[in-house]
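Commentary on secondary and tertiary structure
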Amino acid sequence: LADDSGLEVDALAGAPGVYSARYAGAEATDADNIAKLLAALADVPDAQRSARFRCVIAFVRTADDAAPLLARGAWEGRILAAPRGTGGFGY
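Attention here is on the structure that accompanies the text. (Residues numbered from 1 in each chain as written. Predicted model: local features only at pLDDT ≥ 70, side-chain atom pairs only at ≥ 80, totals over all residues. Heavy atoms only, no water.)

Some remarks on the packing of aromatic side chains
Quick reminder of the rule: Each aromatic pair joins two rings of Phe, Tyr and Trp (for Trp, the six-membered one) with centres within 6.5 Å, and gets the label stacked for planes under 30 degrees apart, edge-to-face for over 60, and tilted for any other angle. Two conditions define a charge sitting above a ring: the NZ of Lys or the CZ of Arg must be within 6 Å of the ring centre, and it must be within 35 degrees of the ring normal.
Counted under the stated rule, the structure contains 0 aromatic pairs. In this structure, K36 packs its charged tip against the face of Y23, placed 4.6 Å from the ring centre.

Written out as structure tokens, the structure is:
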């Protein structure tokens, strides 16, 4: 059983993607990740800030499982110009 998730930003060619939790480095905080993302989008107009949170999970019964169970989902949205709200993991 394995899963991964991340934030995909269209204007950044899908980044940070699976690197969302460590986008600003291995020791980065949520605030660091947000700051790096907003800096990368500083000159991107609101209309081009489309993004999504994507999650994928896989269940493989054996190493040669011919029919693993896969599930995926995405929540569409856009990146604002400044942080808003509390909680979550930084995005």
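A look at the environment of F59
For clarity, the cut-off: In this text, helices come from DSSP runs of H or I with a minimum length of four residues, and strands from runs of E with a minimum of two, each type numbered from the N-terminal end. Only heavy atoms enter the contact rule, under which two residues are in contact if any of them lie within 4.5 Å.
With respect to the helices, strands and loops of the structure, F59 is situated in strand β3 (residues 50–59). Separated by 18 residues in sequence, F59 and L41 place their C-alpha atoms 36 Å apart. If sequence neighbours within four positions are ignored, F59 has contacts with L1, D65, P68 and L69.

Things to note about the environment of D30
Here D30 lies in helix α1 (residues 30–40). Each C-alpha atom, one on D30 and one on Y91, is 7.8 Å from the other, the two residues being 61 residues apart in sequence.

So, the pattern of salt bridges
Selection rule: The term salt bridge refers to a pairing of a side-chain nitrogen on Lys or Arg with a carboxyl oxygen on Asp or Glu at a separation within 4 Å.
Taken as a whole and assessed by the stated rule, the structure comprises 5 salt bridges. Among the ionic pairs, E8 bridges to R52, the shortest N-O distance being 3.6 Å. Separated by 44 residues along the polypeptide, E8 in strand β1 (residues 2–9) and R52 in strand β3 bring together distant segments of the chain. Across the pair R54 and E8 runs a salt bridge, and its minimum N-O distance is 2.9 Å. Placement of R54 in strand β3 and of E8 in strand β1 is noted, with a sequence separation of 46 residues between them.

Let's talk about the pairing of β3
The condition that has to hold: Whether two strands pair comes down to DSSP finding at least two bridges between them.
Looking at chain direction, β1 and β3 are connected through 8 bridges and run antiparallel. Within the sheet, the bridge partner assigned to A2 lies in β3 and is A58. Two elements, β3 and strand β4 (residues 69–78), share 10 bridges in a ladder whose sense is antiparallel. Counterpart to S50 in the pairing with β4 is R78.

Structural notes on the sheet that holds β1
One open sheet holds the 4 strands; their spatial order is β2-β1-β3-β4, and the pairing between them is antiparallel. Lying at the two open borders of the sheet, with one neighbouring strand each, are β2 (16–17) and β4.

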